[in-house]
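What follows is each chain in one-letter form.
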Amino acid sequence: MTQAPRALLCLPIAAAALLTACGGADEGSSGSQGQAAAAAPTADSGPTATTSKSKLSTVATGLQVPWGIAFLPGRNGDALVNERTTGRIIRIARPGGRKSVVQKIPGVDVNAGEGGLLGLAVSPTYTRDKLLYAYFTSRSDNRIVRFKLGGRPKVILSGLKRGQIHNGGRIAFGPDGKLYATVGETGNTALAQDRSSQNGKILRMNANGSVPADNPFKGSRVWTYGHRNPQGLAWDSKGRLWSSEFGQNTFDEVNLIQKGHNYGWPIVEGRGSTQGGKFTNPKLIFRTSEASPSGDAIIGNKLYVAGLGGQVLFRSTLKGTTATKPVRLLAGRYGRLRTVIKAPDGSLWIATSNRDGRGDPKKGDDRIVRLK
């Protein structure tokens, strides 16, 4: 991958770790785990934590690469799960866990590399409008549609560039009622700094896909830019947005997302020179060999980040606009962890991604587990 020179302030990296970095695909592989120790630990790395005081249970098994998860209204509202490589939406009854296929989204390219059926969101006014939203890769682009369960999807945003890698794909409604979407730069690093492009960005839009009047750049859905492949969207109790993002060869990130800010890719990876405030540094960094973060979630003041390549769940405590050194949960227990989300009952749901061609599937994979 071609990129501009970086101004990185980082620790030395062992040569073996550099040799394992793919510089393209983000999602790690089971074969890279034996070499992860070659990289020096980052200043942000914490000890492995046990879950002895927490309760783990299995919600569902036999899924095909679950990606997006969303809950219907109510404390015991059923969960909906997108399967990336089938284009199906699975409904998981709560309580009980019985699962059923309720819809297949037409037009999904299930052979689109890291693309496919990705993010899923429930309208904040679902009880009135019954609308769901999905982000997926078609044969020509990445797009967002909305629909009633079982109904025909209507495109509200199309024309996002697609690629074999770096499609982004997370969508969620913020506390402001606006729809946010993470969009990767598809391996074309120049797109991240190009504000006329919607790739390499976090987008903010109205529920119908139109541009909010208070967005930072007139007539544009771009909320922040300079992103490589962000896939996390989680808001804290003060309405601050935190997003996890795949790095390239050196550092994965968790960023505190601020309106109109530039997060530096491809000029900066991890913490580097802000060039006099032009770029915004991440709040947390991880070695790419230990994380490959996809989703993130916040429960109370705890930030959770799912690691694919690292096969681990990170937990950090948020203190205002800072995040403490993460501890590791579930290390190696369930394999590749894709999505984490807060359930209506306050528990954390965690989806694995072991059947995506990069994992080592076990009996029952892929699965969703619940941590309370």
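In what follows, the structure referred to is the one given above.
Residues numbered from 1 in each chain as written. Predicted model: local features only at pLDDT ≥ 70, side-chain atom pairs only at ≥ 80, totals over all residues. Heavy atoms only, no water.

Visitor: So what exactly am I meant to see when it comes to the overall build of the protein here?
Guide: Assigned secondary structure in the protein consists of two helices and 26 strands. Taken over 372 residues, the protein has a buried fraction of 59%. Approximately 14300 Å² of the protein is accessible, and the part contributed by carbon and sulfur atoms is 49%. (Helix = DSSP H or I, 4+ residues; strand = E, 2+ residues; numbered from the N terminus. Buried < 20%, exposed > 50% of the residue type's maximum accessible area, 1.4 Å probe, protein only. Areas by Shrake-Rupley, 256 points an atom, 1.4 Å probe, with all protein chains shown as cover.)

Visitor: Please explain the pairing of strand β9 (residues 154-160) as it appears in this structure.
Guide: Remark: a regular strand shows side chains that alternate across the two faces of the sheet. Pairing of strand β8 (residues 142-148) with β9 involves four bridges; the strand directions are antiparallel. Paired with V145 across the two strands is V155, which belongs to β9. In sequence, β8 turns back onto β9 through a hairpin of five residues, with G150 there showing a positive phi of about 90°. (Pairing = 2+ DSSP bridges.)

Visitor: What am I meant to see in the sheet that holds strand β2 (residues 66-71) here?
Guide: Working definition: the strands of a sheet are paired by backbone hydrogen bonds and lie parallel or antiparallel to each other. Strand order in the open sheet made by the four strands is β2-β3-β4-β5, with antiparallel pairing throughout. A strand with exactly one partner marks an edge of an open sheet, and here the two such strands are β2 and β5 (99-104). On average, each strand axis in the sheet is inclined to that of its neighbour by 25°, with strand direction left out of account. By the bridge criterion, four bridges tie β2 to strand β3 (residues 79-83) in an arrangement that is antiparallel. Within β3, the position partnered with P66 by the bridge is E83. (Axes fitted to C-alpha atoms, helices over the stretch in contact; angles between N-to-C directions.)

Visitor: Mind showing me how you'd approach unusual backbone geometry here?
Guide: Generally, phi is negative for residues other than glycine and the peptide bonds are trans, each holding for most cases. Following W265, the chain continues into P266 via a peptide bond in cis, with omega recorded as 5°. Mapping P266 onto the fold places it in the loop between β17 (251-257) and β18 (284-287). Each neighbour pair has its own omega, and for D365 with D366 the value is -10°, a cis peptide bond. Examined against the element boundaries, D366 turns out to sit in the loop between β25 (348-352) and β26 (368-371). Positive phi outside glycine occurs at K130, with the angle close to 60°. Examined against the element boundaries, K130 turns out to sit in the loop between α2 (126-129) and β7 (131-137).

Visitor: Help me understand the nonpolar core in this model?
Guide: Y133, Y135, I144, I171, L179, L203 and M205 are the most contacted members of the largest nonpolar core, which totals 20 residues. The contact partners of I171, leaving out residues within four places of it in the chain, are G119, L120, A121, Y133, A134, Y135, I144, L179, Y180, A181 and L233. With 15 residues, the next largest nonpolar core counts L72, V108, V122 and A134 among its residues. (Core = buried A, V, L, I, M, F, W, Y, C linked by side-chain atoms within 4.5 Å. Contact = heavy atoms within 4.5 Å.)

Visitor: How should I be thinking about the sheet that holds β25 in this particular structure?
Guide: Within the open sheet, the four strands sit side by side as β1-β26-β25-β24. Their pairing is antiparallel. Sheet topology places β1 (56-60) and β24 (337-342) at the edges, where each strand pairs with a single neighbour. For this sheet the average axis-to-axis angle between neighbouring strands, irrespective of direction, equals 25°. Examined bridge by bridge, β25 and β26 share four bridges and lie antiparallel to one another. Opposite W349, over in β26, you have R370 as the bridge partner.

Visitor: Mind showing me how you'd approach the pairing of β17 here?
Guide: Judged by how many residues are buried, β17 sits mostly within the fold: seven of seven residues are covered. Burial of the side chains of β17 extends over both faces: F251, E253, N255 and I257 are buried on one face and D252, V254 and L256 on the other. Note: strand β16 (residues 241-246) against β17, five bridges, orientation antiparallel. Its bridge partner lying in β17, L241 is registered against I257. The antiparallel pairing of β16 with β17 creates a hairpin that spans four residues between the two strands.

Visitor: Even after reading the chapter, I still don't get the pattern of salt bridges, so can you show me in this structure?
Guide: Side chains bearing opposite charge may pair, as long as their charged atoms lie close to each other. Considering all chains together, one arrives at 17 salt bridges under this definition. We note a salt bridge from R336 to E27, for which the minimum N-O separation is 4.0 Å. Here the residue R336 occupies a position in the loop between β23 (327-329) and β24, and E27 occupies one in the loop between α1 (15-20) and β1, the gap between them amounting to 309 residues. The same class applies to R336 as to E27, namely buried. (Salt bridge = Lys/Arg side-chain N within 4 Å of Asp/Glu carboxyl O.)

Visitor: Explain the environment of R94 to me, please; I cannot follow it from the model alone.
Guide: Residue position: R94 is located in the loop between β4 (88-92) and β5. On the basis of relative accessible area, R94 is assigned to the buried category, the value being 12%. For the pair R94 and V59, spaced 35 residues apart in the sequence, the C-alpha separation amounts to 9.4 Å. Here the side chain of R94 touches R75 through a polar contact of 3.2 Å, landing on its backbone oxygen. Only 3.4 Å separates the side chain of R94 from the side chain of D345, close enough to count as a polar contact. (Polar contact = N/O pair within 3.5 Å; in protein donor to acceptor, adjacent residues only side chain to side chain.)

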